[in-house]
Every structure is written in structure tokens, then in C-alpha cells.
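What the coordinates show
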Amino acid sequence: MSEKKSIELYVKPAGGWDALRSSWQALREQQVVMKGAGTLLRANQPHGFDCPGCAWPDRNPHSTFEFCENGVKAVANEATSKRVTRGFFEQHTVAWLDEQDDRFLEAQGRLTEPVAYDATSDRYRPIGWSEAFATIARALNALASPDEAIFYTSGRTSNEAAFLYQLFVREYGTNNLPDCSNMCHEASGVALTEQLGSGKGSVTLADFEHAQAIFIFGQNPGTNHPRMLGELRTAAKRGCRIVAFNPLRERGLERFANPQSPTEMLAGGSTQLASEYYQPRIGGDLAVATALCKVVIESGAVDRDFIASHTHGHDDFVRSVLATSWDALERESGLSRADLEHAARTYIDSDATIVCWGMGITQHPRSVATIQMLANLLLLRGNIGKPGAGPCPVRGHSNVQGDRTMGIYEQPSPAFLDRLGAVFDFAPPRAHGYDTVAAIEAMFERRAKVFFAMGGNFAAATPDTARTHEALRRCELTVHVSTKLNRSHLVHGRDALILPCLGRTEIDLQAAGPQAVTVEDSMSMVHLSSGMNPPASDRLMSEPAIVAHLAAATLPGSRTPWPWLVEDYDRIRDRIAKVIDGFADFNARVRTDGGFHLHHPGRERVFPTSSGKAGFYPHALDERDERSDVLQLMTVRSHDQYNTTVYGLDDRYRGVHGLRRVVFISRADLERLGLRDGEHVDIGTVWHDGSHRVVRDFRLVEYDIPAGCLAAYFPETNPLVPLDHHAERARTPASKSIPVRLHRSAPA
Ligand code: SF4
């Protein structure tokens, strides 16, 4: 986390000594070398805590070091010795804090007590917990309708907190439960639920040991799911073909030196991961998947028995694919027929294939169509419901999948509401609520007046920054449950509260003793997580306790025993077992080593769709934007970033040091546009509605990316994405395909 500002080509493998160096620096920067090291030994361990980073599953049996470099950054930043005290808020106005960058805010340390915004001094002032809950309860109960309140959830929220939260919100009377899933894998949920009958991936970690090929689309695991590199390395070493499709050349898909391998570390060795690496143009994945299907169909290498007994819609699908010309497939994918046929051959030669994908697939207007085409590809060769095969959407936040399972969803099913109402003896609201995009619109149009966020950094994570910030500022009250200071605390309503909560690594002491929570990873493994460090302050509350106290204050007539439920979280889990499918005998099963796998019907080739079969869904290709001076921009994370949390200013694998406002561009486009590497440009959008957005002063960085394509970090480029630029049906903000033009920045 150097402060030098430079661009230097990175020639080393992912991982390796630099990963250890960066981990050490993270612990030192947070002044928790000893405490951090001790804490990390419990990360992702039985009887330990679940890493607050991403949703990659834990191996079982566990190794001693079940964490990666970015897990270290997440843990170090939570276990930090730095504190945001009342003195800090006394010293700084909100206006001044809002002028600081996201890294500065993150670096201030852990929040220590509840604070309320004082408009007179433009500062946050301490407030007692009871007064805080009373303030929120008053505001909520003063609303004309519960639908004037919005309850957002970040994917770090535990199952127990999420279950109580949705119960409180529904007892209060609304389904306005947008969550970060709306902005990441909503498209996966919509596509797979329709096609396979479940919105989740069917693959488990064990399948990575049996796959003959692993296809990876629109994902950068080296930064976003680093322990995945360990599985890919093991698979590559046993001859599994790893085929990557990503516009950007990502080191984490190319080569990896496992820090836990003495041979690779001492001998300076590494393992090649991707045996084939293709760089389609941004938004070209639908054409790529269609082309792979075309070659499979034309080769006849399809699983006829599987298709006949388990699918519907095959014939229409085949007709549509065969009618798609190779000219269109090459033009729209940005890849040559030869490359596409080569990749398809690798797919055909494998009898067990996993297809993984990340935001590079979901954050596009046609993401639902692309994901269904990837699933079509799997169905053609029966690659589901057998070892080593299946769809694997790799989720971001550590419990984003669990929150959705617990009922955090603005479109709950009638069956779920029936069961919830029966168990808790109330009539849940039936009207669907606001997703993230609709929530912003509702606040902007003053149809919503109270915004409550369980974790996250809504103001930075969302698109259309100016509109979102104005929407939040139009609220009568904004409330954030958080561990650290962030932008959303500074983009606040007329009244505002920050409620500091315990972190994953901290002991959660309730009346019945220290409590464990549960999470569900990206592969449907549900397991326990219990902290081991003393809380950062004695004025913090756990997320479940915050919800219970708020509910008791807001719903004095509720028959739900809120305080009793949080005395012992087993009581919450007993209620979950009664309401949520697959959680019977929850408390006993989750205490088995490693927890339990939530059943996925596709693993038994059971597809609870409207037809009772898996569906083939044809999708026509788009026409790409042919204007020569318009390029497609995708927003990405740097390696020193987790979602909107900026740990540092380096992006080691891409050679960026000490910089955030950079835009990656190909040499061909630099030459074609008469621009030079290192020059500074403004990035302006080109929307059909004529609206114009611009972000200024980005340094051009020549990079291995296809012509016509650009990449830059979010949240800096989120202002470019209008709210209505989202995925069809799923409404996931389409932050990975933004049409822009570049203009030289005005001299400073
Ligand atoms: S891979 Fe994800 S969950 Fe695992 S240690 Fe790294 S950041 Fe944490």
C-alpha cells in the first residue's frame, strides 16, 4: 500500500511473496500485527468466524491457514486498533468529512457508539441506544404508510439478523427490502429460477475435484475470490482444462504461486491456471455462449438422454442457434470463429464441466439472456446433477445468498409469507416492495421518507451517484448500522443516525452467553461463525440485538418476543427452522463439523420449474454500437478494494500504484483516438436519451483489453450509470457496459 503514484507492468504470478507482503502491511497499517495474526488463525475454521470478505466456501477438512490476502485486509480492517470516537466527530463537520476520499474514511477505524446528526453544528453527536431506537420508532410510526420506509440489507448481515430484520419489517407492514443482491447476482437468480427452478448454483466445492473443465466468465477471482485460485491450481495440476473469458487480462486467471506451497514459494515457481484465455469485447458473452452452443449442436455431441428426459424447449432453441450466423457471432463476441470453435472443442472433450461467472456477466442489460445461454450450454451436455458439473454463480458478500434465503427479498413468495404469518401470528404485507433502483426513485420522488440500512455503503455502491445522493438527502431520516465510517453516513437525510455494531471477529455476548451466528456461502453451505475478540467498544450492539430492540420500540403491540429471541440465538434458529425450507433441525445440523449443505434439486436432476423440467431458452443477439468514437466502459474493483471499501490505492496485478482515477485502454484505441498512455481524460457518457454525464481527470493506462473497451474503478465511475440503465427483468444496474467518449482533460 505504497503512496508512490506509478504504473509498472506486473510480471509476477498472483499470490506469492507479494501476497504475504501485502497481508503483513495490512496488519501493520491497522496496528494489529499480533492480534490480527491470532485472529486469522480462527478465520474460516470450525469454531472460528466466517471471513467477512467474500462468499467463497471453506474447504473441509480445513488447513491451518484458511484465508487469503484480501481476507487478511478484511479482518485487519475490522480488528483494527483505530477508533472513531466522539472526539473525532467533535473535531470534524460532516461537510469536511464528505470532502475526504473513501480510503480516508475507511482508515479512521471502528465506530464506538451510536451518534445522531446535529444540523446546527453539522456534526454527529453521541446518543444513547434507547433514545436512538425511540427516535427511529417515532419516525417510522409517524409515516402515513409503512411503504414510505425502506429497509436495505448488505450481504454481510448474518442469517439470524436477516431473519429477524425481515420479520420486523413485515410486522411493521412493508416488503421494501432491497438488498445488495439486487446490484450483483439478481440476474442469476431470475435466469436460473425460470430455467432450473432454483436461483442458486448447484455446484459444491467437491465438484471442483471432479471437473474435467472449468469455464470462467466475467470474473476476476484473483481479487474478488482469491481462495478460488487454490481450487483452480489443484484442478489445473490434475489436468482439468480451465478456460477463461474476460475482456481484461487478469493475472489471477493466468498464473498463481500458492503462498502455502513451500516449493512454489522457495523455488519461485507458480502454476498456470487458464489453459485457454479469451478476451471477448465487453457485452460479448451472450454471443460467446451462443457460439459454443452452435458448435456443440453442429458436432452432435449432445446428451440426448438427458435432453429427452429432463428438458423442454430444445427444438426451438436449436433452430434459433443454428439460424445465428458466424458473422454475427464473431462481430458480437469480438472473438474469431477459430477461437470460439477451439473453446467449444474443449467443452465437448469434457464429460464434466463447471461454468462460473461473476459481475462481468450479471451487470449488463442482457445479463439474464446471457446466463440462460450459459445454462443452455450446460444442459446440452447434461452438465448438471453429476459430479464435477453445473452452474456456479460466484457471489460477492459473505452472506448475500443467506440473506435472500432468510427472506430478504422485495418479492417474497406467497408460500413464504403464509408460513411466516402462521408461525408469528400476523398478516404479512403481500404487495411487492422496492428493489434498489425503485427505492432510489421512491426517495427521490419523496414517496419514501425513511431509509434504514443494515450494513453496507448504499451511497457509494449504487449507480447514478448524483441522483442517489439527492434521494438520500430528501429523506426525513436515514439510519445506518455499520462497523466503520463510510460515505453513506455523510450523504444523509434531514435527521440521521449511525448505529455501530459488532464485527464478525468479535464476541457476541447475550443473556445466554457468547452467541454464534450462521452464514450461507456461494455454494449453499450453511455454517456457524463465532467471534473471539473483545468488542471494539462496550457501546456496540450485535445486529440481531439492534433489530430486536428497534422492533420492540417500534411495534409495542407485537406478539413476537423480540428481547427473548436475542437472549439465545438458538431460539431464532428454531423459528427459522419452522419458516424456511431446508432448515429443519437447524441447531443440531449446523453444529456438525463444517455445517450442512442446503439441498439443491438440480443435483438430483429435479427441476421445480413451471414445466417440471429444465428449460432451453433461445435469445437473439444484440446489435453492437458501431459508432467509432464510442467505447464501452466497465466498472471494476482494484485489488486493494472490497466492494466499495477501499483498503489502499494499489492494484498490484494490473500494475497500478497509488492511483484510483485511472482508465484502462488498449494501444489500438490510444493510437486510433490520438491519445497517449499517461494522458488525462474526462469520460463522458453517450446515452440515447441525450442525457450527459461526465467524470473528470482519469489517467489513461495502456492495458491488454480489446479495442473499443475500457475499464475503470467504481465508485468513481458510478456517476456515469443512470438508474434506468439496468438488466432486463432483473434490474441489476448495468455498470459493466457504459457507452462513453473520451475527451482530453482541461489542463489543471
Ligand atoms: S476467499 Fe473470500 S472468504 Fe476466503 S479468505 Fe479470501 S476474502 Fe475471505
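In case you missed it, the structure is sitting above this.
Residues numbered from 1 in each chain as written. Predicted model: local features only at pLDDT ≥ 70, side-chain atom pairs only at ≥ 80, totals over all residues. Heavy atoms only, no water.

**Remarks on the site of the ligand**
In the vicinity of the ligand, the contacting residues are Asn44, Cys51, Cys54, Phe67, Cys68, Gly71, Pro226 and Arg227. Taken together, the residues of the shell around the ligand break down into five nonpolar, two polar and one charged. (Near = heavy atom within 4 Å. Nonpolar A, V, L, I, M, F, W, Y, C, P; charged D, E, K, R; others polar.)

**Observations concerning the nonpolar core**
Membership of the largest hydrophobic core comes to 58 residues, with the highest contact counts inside it found for Phe151, Phe168, Phe452 and Leu499. Here the element with the most residues in this core is helix α8 (residues 159–172); it accounts for eight residues. Ignoring sequence-local partners within four residues, the contact set of Phe151 consists of Leu140, Tyr165, Phe168, Val169, Tyr172, Thr174, Asn176, Leu177, Pro178 and Phe452. Counting residues in hydrophobic clusters, the runner-up holds 54 residues, among them Val243, Cys293, Ala369 and Leu378. (Core = buried A, V, L, I, M, F, W, Y, C linked by side-chain atoms within 4.5 Å. Buried < 20%, exposed > 50% of the residue type's maximum accessible area, 1.4 Å probe, protein only. Helix = DSSP H or I, 4+ residues; strand = E, 2+ residues; numbered from the N terminus. Contact = heavy atoms within 4.5 Å.)

**Side note on the pattern of salt bridges**
Within the structure shown, the criterion is met by 64 salt bridges. Here Asp118 and Arg125 are joined by a salt bridge, their closest N and O atoms 3.5 Å apart. Residue Lys294 is joined to Glu298 by a salt bridge in which the shortest nitrogen-to-oxygen separation is 3.7 Å. Linking Lys294 with Glu298, this pair stays in helix α14 (residues 285–299), spanning four residues, or about one helical turn. Among the charged side chains, a salt-bridge network with shared partners connects Asp58, Arg59, Glu66, Arg227 and Glu231. (Salt bridge = Lys/Arg side-chain N within 4 Å of Asp/Glu carboxyl O.)

**Comments concerning the sheet that holds strand β31 (residues 694–702)**
Strand order in this closed barrel of six strands is β25-β32-β29-β31-β30-β33, and the pairing throughout is mixed. Taking the axes of each pair of neighbouring strands and ignoring which way they run, one obtains an average angle of 45° across the sheet. Judged from the five bridges that link them, strand β30 (residues 680–685) and strand β33 (residues 738–744) form a sheet pairing that is antiparallel. Its bridge partner lying in β33, Ile683 is registered against Leu742. (Pairing = 2+ DSSP bridges. Axes fitted to C-alpha atoms, helices over the stretch in contact; angles between N-to-C directions.)

**Some words on helix α17 (residues 326–333)**
Of the residues making up α17, those classed as buried are Trp326, Ala328, Leu329, Glu332 and Ser333. Buried residues of α17, seen end-on, are gathered within an arc of 160° and therefore sit on one face of the element. Where α17 is buried, its residues contact α14 and α18 (337–348). Looking one or two residues past α17, Gly334 carries a phi angle of roughly 80°, positive in sign. (Arc of directions from axis to C-beta.)

**Focus on a nonpolar patch on the surface**
Taken together, the side chains of Trp17, Leu20 and Leu266 present a nonpolar region at the surface, about 350 Å² in accessible area. In this structure, Leu266 sits in helix α13 (residues 262–267). (Patch = residues over 30% accessible without salt bridge, like charges linked within 9 Å, V, L, I, M, F, W, Y side chains within 5 Å. Areas by Shrake-Rupley, 256 points an atom, 1.4 Å probe, with all protein chains shown as cover.)

**A look at the pairing of strand β29 (residues 662–665)**
Within a regular strand, the side chains alternate between the two sheet faces. Side chains Val662 and Phe664 project from β29 onto one buried face, and the interleaved Val663 and Ile665 project onto a second face that is buried too. In this sheet, β31 lies alongside β29 in parallel orientation, the contact comprising four bridges. Bridge assignment links Ile665 to a residue of β31, and that residue is Glu702. Pairing of β29 with strand β32 (residues 709–713) involves two bridges; the strand directions are antiparallel. If you follow Phe664 over to β32, its bridge partner there is Ala711.

**Details of helix α7 (residues 129–141)**
The terminal C-alpha atoms of α7, which comprises 13 residues, lie 18 Å apart, in line with the 18 Å expected from a rise of 1.5 Å per residue. Those residues of α7 lying buried are Trp129, Ala132, Phe133, Ile136, Ala137 and Leu140. For α7, the angular spread of buried residues about the axis comes to 130°, placing them on one side. Along α7, exposed side chains directed more than 90 degrees from the buried face belong to Ser130, Glu131 and Arg138. (Expected span 1.5 Å × (residues − 1).)

**Looking at the environment of Gln272**
Along the chain, the position of Gln272 falls in strand β11 (residues 271–272). The spatial distance from the C-alpha of Gln272 to the C-alpha of Ile214 is 14 Å, given a sequence separation of 58 residues. Each residue touching Gln272, except ones within four places of it in the same chain, is listed here: Ala236, Glu254 and Arg255. A polar contact of 2.8 Å, which involves the side chain of Gln272, links it to the backbone oxygen of Ala274. (Polar contact = N/O pair within 3.5 Å; in protein donor to acceptor, adjacent residues only side chain to side chain.)

**A look at the packing of aromatic side chains**
Inspection of the entire model under this criterion finds 29 aromatic pairs. With 5.9 Å between their ring centres and 75° between their planes, Phe151 and Tyr172 make a pair best called edge-to-face. With Phe151 in strand β7 (residues 149–153) and Tyr172 in helix α8, the pair connects residues that are 21 residues apart, well separated along the chain. For Phe151, a relative accessible area of 1% puts it in the buried group. Measuring from centroid to centroid gives 5.9 Å for Phe586 and Phe596, while their planes differ by 90°, and the two rings are edge-to-face. Pair noted here: Phe586 is in helix α30 (residues 586–590) and Phe596 is in strand β23 (residues 596–597), with a separation of 10 residues, a long-range link. Residue Phe586 is classed as buried on the basis of its relative accessible area, which comes to 1%. Note on Phe596: relative accessible area 7%, which makes it buried. Ring-pair connections join several aromatic residues into one group, and the members of that group are Phe151, Tyr165, Phe168, Tyr172 and Phe452. The positively charged end of Arg467 is found above the aromatic ring belonging to Phe444, 3.9 Å away from the centroid. Cation over ring: Arg474 sits above Phe444, and NZ or CZ is 4.0 Å from the ring centre. (Phe/Tyr/Trp six-rings, centres within 6.5 Å; stacked < 30°, edge-to-face > 60°. Lys NZ or Arg CZ within 6 Å of the ring centre and 35° of its normal.)

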